[in-house]
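Examining the three-dimensional arrangement
Next come the chains, spelled out residue by residue.
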Amino acid sequence: MKHLKGVNRKGKKIEKEKADLPVVEAQGSIPFMHTCTSVFNPGYEVDWTGSTKQLCTPIETDLFGTTDMYCWWPGQAPDTYNNPDWNADCNRAMKDWMKLKVVKPEW
Amino acid sequence: MRKKTGSCFIIALACALAAAWAGSALGETGIPVTSDKVLNMCTDCHKNNRGLVSRISYIRQSPEGWEETLWRHKRVRGLSITKEEKESLIRYFSTYQGLAPAEVAPYAYTLEKRDTKEKVDNQVIVDMCVRCHSYAKTALQRRTPEEWTKLANMHSGVLPMWLYQLQDVLDWDKELATCLAELSKRFPLETPEWKEWISVRPKTVAGKWVVSGYQAGKGSYGGEITLVNTSGDFYTYSGTVEFENGEKQPIEGKATLYGGYAWRASGTLAGKPIREVFHISMDGSTFKGVRFDDPHFELRGVETRAFAGGGPRILSVMPKALKAGTKGATVTIVGTGLSGQASLGDGVTVKKVVSASPTKVVVAVDVSDKAATGYRNAKAGNAAADGLFAVYKAIDYIKVVPSPAMSRTGGLGYAVKQLVQFDAMAFSSGADDIPATADDIEIGRVPAAWGIRELASSNDDHDAEFVGTIDRNGLFTPGNEGPNPKRFMQENNMGDVWITANYAAPGSGKLSARGYLLATIPLYIQRPVQ
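Residues numbered from 1 in each chain as written. Chains lettered and ligands numbered in written order. Predicted model: local features only at pLDDT ≥ 70, side-chain atom pairs only at ≥ 80, totals over all residues. Heavy atoms only, no water.

**A short note on the interface of chain A and chain B**
Listed by partner, the interface residues are 64 residues for chain A and 77 residues for chain B. Note on chain A versus chain B: buried area summed over both sides is about 6,400 Å², and carbon and sulfur give 60% of it. Of all residues in chain A, H34(A), K53(A) and W107(A) give up the largest surface area on contact with chain B, accounting jointly for 15% of the area buried on that side. Where chain A touches chain B, the interface holds four salt bridges. Of the charged contacts, one joins E45(A) and R408(B) as a salt bridge, the two residues approaching to 2.9 Å between their closest N and O atoms. Taken together, the connections running from chain A to chain B amount to 23 residue pairs in polar contact (both at pLDDT 80 or more). When residues of the side of chain A that touches chain B are traced back to their parent elements, those giving at least two are α1 (9-16) and α2 (60-63) of chain A. Grouping the amino acids of the side of chain A that touches chain B by side-chain chemistry returns 35 nonpolar, 15 polar and 14 charged. (Contact = heavy atoms within 4.5 Å. Buried area = accessible area lost by both parts, 1.4 Å probe. Salt bridge = Lys/Arg side-chain N within 4 Å of Asp/Glu carboxyl O. Polar contact = N/O pair within 3.5 Å; in protein donor to acceptor, adjacent residues only side chain to side chain. Helix = DSSP H or I, 4+ residues; strand = E, 2+ residues; numbered from the N terminus. Nonpolar A, V, L, I, M, F, W, Y, C, P; charged D, E, K, R; others polar.)

**With respect to the sheet that holds strand β23 (residues 420-421) of chain B**
Residues and elements named next belong to chain B. Read across the open sheet, the three strands follow the order β23-β28-β27; overall the sheet is antiparallel. Edge positions in the sheet fall to β23 and β27 (468-470), since each of these pairs with one other strand and no more. Relative to strand β28 (residues 475-478), β23 is paired through two bridges, and the arrangement is antiparallel. In the sheet register, V420 faces β28, and the bridge partner there is F476. (Pairing = 2+ DSSP bridges.)

**Regarding the domain arrangement of chain B**
Residues and elements named next belong to chain B. Structurally, chain B comprises domain 1 (36-98), domain 2 (102-197), domain 3 (207-307), domain 4 (313-392) and domain 5 (397-520). For domain 4 versus domain 5, the distance between C-alpha centres works out to 33 Å. Taken residue by residue, the interface counts nine residues in domain 4 and nine residues in domain 5. Carbon and sulfur atoms make up 64% of the area that domain 4 and domain 5 hide from each other, which totals about 650 Å². For domain 4, the biggest contributors to the area lost against domain 5 are K320, T373 and Y392; these three give 59% of the whole. At the boundary of domain 4 with domain 5, the tally comes to one salt bridge. One salt bridge in this structure joins E442 and K320, with 2.8 Å as the shortest N-O distance. Inspection of the region where domain 4 meets domain 5 yields one residue pair in polar contact (both at pLDDT 80 or more). Elements supplying a minimum of two residues to the side of domain 4 that touches domain 5: β14 (321-323), β19 (374-380) and β20 (383-392). Partitioning the side of domain 4 that touches domain 5 into residue classes produces five nonpolar, two polar and two charged. (Domains from an automatic or database assignment.)

**A word on the pattern of salt bridges**
All names here are of chain B. For the structure on display, the rule yields 32 salt bridges over all chains. Residue K218 is joined to E247 by a salt bridge in which the shortest nitrogen-to-oxygen separation is 2.9 Å. With K218 in the loop between β5 (207-215) and β6 (219-231) and E247 in the loop between β7 (234-243) and β8 (248-258), this pair connects stretches of sequence that are 29 residues apart.

**Observations regarding a nonpolar patch on the surface**
Among the surface-exposed residues, M69(A), Y70(A) and Y81(A) lie close enough to one another that they form a single nonpolar patch of about 290 Å² accessible area. Its place among the elements puts Y81(A) in the loop between α2 and α3 (93-96). (Patch = residues over 30% accessible without salt bridge, like charges linked within 9 Å, V, L, I, M, F, W, Y side chains within 5 Å. Areas by Shrake-Rupley, 256 points an atom, 1.4 Å probe, with all protein chains shown as cover.)

**Here's the deal with empty space enclosed by the protein**
Applying the stated criterion across every chain yields a total of two cavities of 30 Å³ or more. Space inside the largest cavity adds up to approximately 60 Å³. Forming the walls of the largest cavity are G43(A), Y44(A), L55(A), C56(A), I59(A), D62(A), L63(A), W73(A) and I521(B). Here the second largest cavity defines a volume of roughly 30 Å³. For the lining of the second largest cavity, the residue count by class is six nonpolar, four polar and no charged. (1 Å grid on protein atoms, 1.4 Å probe; cavity = no way out; pocket = protein on both sides within 12 Å on 5 of 7 lines; lining within 4 Å. Points joined across faces, edges and corners; volume = space filled by probe spheres on them.)

**Some remarks on the packing of helix α7 (residues 123-130) of chain B against helix α11 (residues 172-186) of chain B**
Residue and element names in this part refer to chain B. α11 packs onto α7 with a crossing angle of 105° between their chain directions and a minimal axis gap of 9 Å. Here α7 lies roughly perpendicular to α11, going by the angle between them. Counted together, V124, I125, D127, M128 and C129 of α7 and W172, E175, L176, T178, C179, E182, L183 and R186 of α11 form the full contact between these two elements. Along the lines of polarity and charge, the residues of the contact of α7 with α11 split into eight nonpolar, one polar and four charged. (Axes fitted to C-alpha atoms, helices over the stretch in contact; angles between N-to-C directions. Parallel < 35°, antiparallel > 145°, perpendicular 65-115°, else oblique.)

**Examining the packing of aromatic side chains**
Residue and element names in this part refer to chain B. Inspection of every chain in the model, using the stated rule, returns 21 aromatic pairs over all chains. When the centroid spacing of 5.7 Å and the interplanar angle of 55° are considered together, the rings of Y235 and W263 count as tilted. You can see Y235 sitting in strand β7 and its partner W263 sitting in strand β9 (residues 262-269), a full 28 residues away along the chain. With respect to burial, Y235 and W263 carry one shared label: buried. The rings of W209, Y235, Y237, W263, F278, F287 and F307 are connected pair by pair, giving a single aromatic cluster. Lying across the ring of W71, R75 places its NZ or CZ 3.8 Å from the centre. Lying over the aromatic face of Y237, R305 brings its terminal NZ or CZ to 6.0 Å of the ring centre. (Phe/Tyr/Trp six-rings, centres within 6.5 Å; stacked < 30°, edge-to-face > 60°. Buried < 20%, exposed > 50% of the residue type's maximum accessible area, 1.4 Å probe, protein only. Lys NZ or Arg CZ within 6 Å of the ring centre and 35° of its normal.)

**Observations concerning the packing of helix α3 (residues 63-76) of chain B against helix α4 (residues 83-96) of chain B**
Residues and elements named next belong to chain B. Close contact between α3 and α4 brings their axes to 9 Å; oriented N to C, the two are set at 135°. Judged on the interaxial angle alone, α4 and α3 are oblique. In terms of crossing hand, the pair formed by α3 and α4 is right-handed. Packed against α3, whose contacting residues are P63, W66, E67 and L70, the element α4 presents K86, L89, I90, F93 and S94 at the interface. Looking at the contact of α3 with α4, its residues break down into six nonpolar, one polar and two charged. (Left-handed = near helix turned anticlockwise from the far one by under 90°.)

Here's what the structure looks like:
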């Protein structure tokens, strides 16, 4: 930011925030927290700027497209190959999202 | 005659094959499975080569790692075993094919479910493993080079998207080979730490243990618990936790001690369900880990437990700092082998010993107006410790802790909300009067007025209105999951905001601080090792 100056409303707001925002390093480098994926295009819970604004909105519109057997975030959302029942009761994520299960070990 | 020749040939061939088979078994690096029960359960599918069982004998993992392996077998391979059988398998593997305490210690945060920003010093491992998993998940495994390769092959088979996620990697084969070589070098099957651990196991002593910890939102605490070894690896425990504000809470539960040092317990604290993840030091004298609310793992006490019959040792001093000029303050020293002969360094006068036992000494003290700022050597009988107690002149600044922090939405469907307990931690600038230097003194949590403020990551997103609420004690509760019709494009109740704290410090005026909070979406898969 040393050689850049905010010209629009957002740029001026960001200048006012000064320097104590967390820094997310280059793509694929270090995740925000250790439970987050570092795949940032798009990320699951955090985007490459360390924010949520470049994630799918709302996330339910993208959830099935990226969690089927070609799961984009297999550490964070279940793939349907290894977890065939996780969305069995949920035909449309935008409508039935409350029926999405949380997959965890059960015996 | 022809018949006899044929028999000899078959016998000779069988002997040759047996010799070759035995030779390969003896020449391989692997850990033989010695339990008939485990062999019976696993070798219907896994090849048993005189105790060296395919895949299994070439892996070491934490108890949670073995649970994840069995869970995957249940989901994908149709493994059908009872909960008791699963537990007995995990206990066997954790004992004979577990990780040594020194191997677990640097990565225990993921088993303790503590959100941590990791540092990984190898970009190839980041590219191959950390795009989905934590580095800790990788680092809590030990495998032979061949076994690391098989793990990679398994990922390619069951998660083919892996190849696309590495779209920016120019030479996939080369990158994978480099990664596997690095993993084999960093995390081999046999290590000196492991050999030491299997030859001399930590000896955990049943009896009375002293507790010392810190819980965000409540402060420091001490206490005592009594462990009873019910049989083998199983324990029950009960006792009392005493917070620095004087509140006492009963604690009790049941535990399994995996591999002689990995303590996993479930029980209650003041009647509410808790779980515990602790690891015991090689000398068997100290537990380190966390006790957390179930299912809110984010509400936790970070704790040390020391065997009450141990030598002189101070675990903590409460409060950990007093202001110069304080009169009649009560100070509690928690530890083992203590006595009432207490001192807290220059400028601090012990006026009265309120109570004294080998595990807790309570004294009333006066702090001189002219006492120098800085840490003191605290003593209670033969026990002494530096860096646990300080004197300060004034509260110079406060910090919002933790920052950065992360919450997750939930509450309507199956996902449980992930809360954040913030503390406003007071600091003195130390003897040099310059904030944020090495001699600064952490005084402890102070009561602050909390707020949520907009952060300029996007115009007019109004995150602060939707991400959640924060109560008077700094507990942030995120919003519900799912699309929110009140937001532009039905955005979820997620966003990034400032958490602000304001505190009117006596003699220092109004102090303010802010911390970064990422309020995000639920995890829909919760692995034993995340």
